[in-house]
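Spelled out, the chains give:
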Amino acid sequence: ADICKQDMLQKRNNAVLVDGVILNGPIMDSKAGEKFVEEACKIIMEEVIQKADDVTEKVCEWQAPETLKQILDLEMRDTGESHQTLLQLCRDVIQYSVKTSHPRFFNQLYAGIDYYSLVARFITEALNPSVYTYEVSPVFLLVEEAVIKKMIEFIGWEEGDGIFNPGGSVSNMYAMNLARYRFCPEIKEKGLSGLPRLVLFTSEECHYSMKKAASFLGIGTENVYFIKTDERGKMIPEELEKQVQRARKEGSTPFLVCATAGTTVLGAFDPLDKIADVCEKHGLWLHIDASWGGSALISRKHCRLLHGIHRADSVAWNPHKMLLAGIQCCALLVKDNSGLLKKCYSAKASYLFQQDKFYDISYDTGDKSIQCSRRPDAFKFWLMWKALGTTGLEERVNRALALTRYHLAILNMSSLKLTKMLTLLMPEYANVCFWYIPPRLRKMEEGPEFWQKLHQVAPIIKERMMKKGSMMLGYQPHQGKVNFFRQVVISPQVSREDMDFLLDEIELLAKDL
């Protein structure tokens, strides 16, 4: 018997070969991997986190695409690289990436660094969960449920449903499809054939994702009616009423209105109450794209910007923007609590959503999503909220908008005294839109030639600031207006001194124009 046992142990210790592959033991060197992670984390700490609020660092180190390809050595080879080579690649990637946490990064609708949400991302990256069933993601499903419930409270609904999505564009698409499903549930099985011509309404200033969603869902971009806006970029409710009536006279079937709370360029908030009146009158689903402006709900001072949002059927809200929850963190919230989301999107995959599990399967929320694998994006918002509290988040919103007002004041002072700056309009939110008037145009009359020449100014300044790396500021033409700068104030790392620097730096970069 002892000899037999020894033979068995010997066989187990011998290499097992299947299809030329040795199956004994792991093939990964865990100790070496742990060392690599430790050294890489040190680089992240030193080169990203500790430099996040250092204004002496460059916002970006510009390189042309072909040059950058050579610097990064993008080729993937048959044999692996050494850890030292890989660590240097990590340093290079950090060096040549845009530092969105830099106090002088004003380029997009996100900026800054929140340390708590960053730690949350480290945790989820290390755990690598997928949020579809309670059995594989118990903590993160409960976190998402808690966060959605709290966000629903801020909207003003007594109950509701929701899900976190990979981007506000996807949330808008979800809402469009949900509105169509509510109008015509049989479309899920029978498809588009036999449907009337469905039309939806949104403002001229809406996010481009509305057109993309209409195209993707087979509604068609020609069936998106763009409603005129006033001089501040707000949808005109009377024009919406006219367009709904026009669509009906044409034999079309209206089903959805998408209002915007915080437009991308001007930061405008549509008059939600009046739009809700039109929707109520005509039995239309009201979706509010509050991807950018939704975070004003956290502020008791500024929540008035979204007055009437409680009347919406669905809301898109992105905490990764104003609240710094980290890209991406985007929720679609739905007033319906009868399971409409699940009815619309459920596919009842039997290998995931078994009905005879040993726990409460109502926590298996993944069938509400068009995704299978889904990231635990709510967790970073939750950990940040736990750390700062609602008052800390409110302070973040209030400070960003106070800095916006300060910047507007010095812009107007410049405009009056030196005719250097010209603002487009009084901002409602954190978008400050302005032209810089270079020296040679300051005495020129505002005619066609003036505007043609001014159109060329912003791109030149943008190129110079990028190549210098001193700051990043976006520009665009918009609704017939020539290129202007759009500064977005978000990051709590931004100070009054950074506001002053921005205008001085533009003047310095454009002194010869």
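Quick caveat: nothing in here was measured; it's all calculated off a predicted structure. (Residues numbered from 1 in each chain as written. Predicted model: local features only at pLDDT ≥ 70, side-chain atom pairs only at ≥ 80, totals over all residues. Heavy atoms only, no water.)

Chemist: Give a description of the state of the cysteines that names residues and reports values.
Modeler: Enumeration over the complete set of coordinates arrives at zero disulfides. Cys 344 takes part in no disulfide bond, and the closest cysteine sulfur, belonging to Cys 184, lies 11 Å away. (Disulfide = S-S within 2.5 Å.)

Chemist: Any chance you could break down the pattern of salt bridges for me, citing the residues and the numbers?
Modeler: Inspection of the entire model under this criterion finds 31 salt bridges. The closest approach of N and O atoms between Lys 453 and Glu 449, which form a salt bridge, is 3.9 Å. Here Glu 449 and Lys 453 lie together in helix α14 (residues 448-455), a separation of four residues that amounts to about one turn. Accessibility expressed as a relative area gives 24% for Lys 453, which makes it partly exposed. For Glu 449, a relative accessible area of 47% corresponds to the partly exposed category. Via salt bridges that share partners, Glu 125, Arg 375, Asp 377 and Lys 380 belong to a single interconnected network. (Salt bridge = Lys/Arg side-chain N within 4 Å of Asp/Glu carboxyl O. Helix = DSSP H or I, 4+ residues; strand = E, 2+ residues; numbered from the N terminus. Buried < 20%, exposed > 50% of the residue type's maximum accessible area, 1.4 Å probe, protein only.)

Chemist: Describe the pairing of strand β7 (residues 253-260), and please don't skip the residues or the numbers.
Modeler: Burial of β7 is extensive: eight of the eight residues sit out of reach of the surface. Where strand β5 (residues 198-203) meets β7, five bridges bridge the pair, whose relative direction is parallel. Paired with Thr 202 across the strands is Cys 258, a residue of β7. Strand direction decides the pairing type here: β7 and strand β8 (residues 285-290), joined by five bridges, are parallel. (Pairing = 2+ DSSP bridges.)

Chemist: Pulling in residues and values, what's your account of the environment of Tyr 345?
Modeler: Relative to the assigned elements, Tyr 345 resides in helix α12 (residues 340-345). Relative accessible area serves as the criterion here: at 12%, Tyr 345 is assigned to the buried category. In this structure, the C-alpha to C-alpha distance between Tyr 345 and Asp 367, residues 22 residues apart in sequence, is 6.6 Å. Setting aside residues up to four positions removed in sequence, Tyr 345 forms contacts with Met 173, Tyr 174, Asn 177, Leu 178, Lys 188, Asp 367, Lys 368, Ser 369 and Ile 370. A distance of 3.5 Å separates the side chain of Tyr 345 from the side chain of Asn 177, its partner in a polar contact. (Contact = heavy atoms within 4.5 Å. Polar contact = N/O pair within 3.5 Å; in protein donor to acceptor, adjacent residues only side chain to side chain.)

Chemist: Quick one: what's the story with the domain arrangement of the protein chain, residue by residue and with numbers?
Modeler: Domains assigned within the protein chain are domain 1 (1-99) and domain 2 (140-188 + 197-345). Domain 1 and domain 2 are separated by 43 Å when their C-alpha centres are compared. (Domains from an automatic or database assignment.)

Chemist: Give a description of the UniProt feature "modified residue: N6-(pyridoxal phosphate)lysine" (unreviewed entry) in the protein chain that names residues and reports values.
Modeler: Using the residue numbers shown here, the UniProt feature "modified residue: N6-(pyridoxal phosphate)lysine" (unreviewed entry) corresponds to Lys 321. Looking at the secondary structure, you find Lys 321 in the loop between β9 (314-317) and β10 (330-334). Relative accessible area serves as the criterion here: at 13%, Lys 321 is assigned to the buried category. Not counting chain neighbours up to four residues away, the residues in contact with Lys 321 comprise Leu 109, Ser 291, Trp 292 and Ile 490. (UniProt positions renumbered as here; feature names shortened; annotations may be inferred.)

Chemist: Explain a nonpolar patch on the surface residue by residue, including any values.
Modeler: Taken together, the side chains of Val 16, Val 18, Val 21 and Leu 23 present a nonpolar region at the surface, about 320 Å² in accessible area. For Val 18, a relative accessible area of 40% gives the class partly exposed. (Patch = residues over 30% accessible without salt bridge, like charges linked within 9 Å, V, L, I, M, F, W, Y side chains within 5 Å. Areas by Shrake-Rupley, 256 points an atom, 1.4 Å probe, with all protein chains shown as cover.)

Chemist: Pulling in residues and values, what's your account of unusual backbone geometry?
Modeler: That bond from Ile 327 to Gln 328 is cis: its omega, 0°, falls within 30 degrees of zero. With respect to the helices, strands and loops of the structure, Gln 328 is situated in the loop between β9 and β10. A positive phi angle, near 55°, is found at Lys 348, a position not held by glycine. Position of Lys 348 among the secondary structure elements: in the loop between α12 and α13 (378-417). Notably, Gln 479 is not glycine yet its phi reads approximately 45°, a positive angle. If you trace the backbone, Gln 479 turns up in the loop between β13 (472-478) and β14 (481-488).

Chemist: I'd love a proper account of the sheet that holds β10, names of residues and values included.
Modeler: Taken together, seven strands build an open sheet; the order of strands is β4-β10-β9-β8-β7-β5-β6 and the sheet is mixed. Two strands bound the open sheet, and with one partner strand each, they are β4 (161-165) and β6 (224-227). Shown here is a sheet whose adjacent strand axes are inclined to one another by a mean of 20°, direction ignored. (Axes fitted to C-alpha atoms, helices over the stretch in contact; angles between N-to-C directions.)

Chemist: Run through the nonpolar core, naming residues and quoting values.
Modeler: Grouped together as the largest cluster of nonpolar side chains are 106 residues, with contacts concentrated most on Ile 288, Leu 306, Phe 381 and Ile 461. Leaving out residues up to four positions away in the same chain, Ile 461 has contacts with Tyr 436, Phe 485, Ile 506, Leu 509, Ala 510 and Leu 513. Core analysis: the next-biggest nonpolar cluster, separate from the first, contains 27 residues, Leu 178, Leu 200, Val 224 and Tyr 345 among them. (Core = buried A, V, L, I, M, F, W, Y, C linked by side-chain atoms within 4.5 Å.)

Chemist: With reference to specific residues and values, describe the environment of Ser 171.
Modeler: On the secondary structure map, Ser 171 appears in helix α7 (residues 168-183). The buried category is assigned to Ser 171, whose relative accessible area is 0%. Ser 171 sits 342 residues away from Leu 513 along the chain, and the two C-alpha atoms are 43 Å apart.

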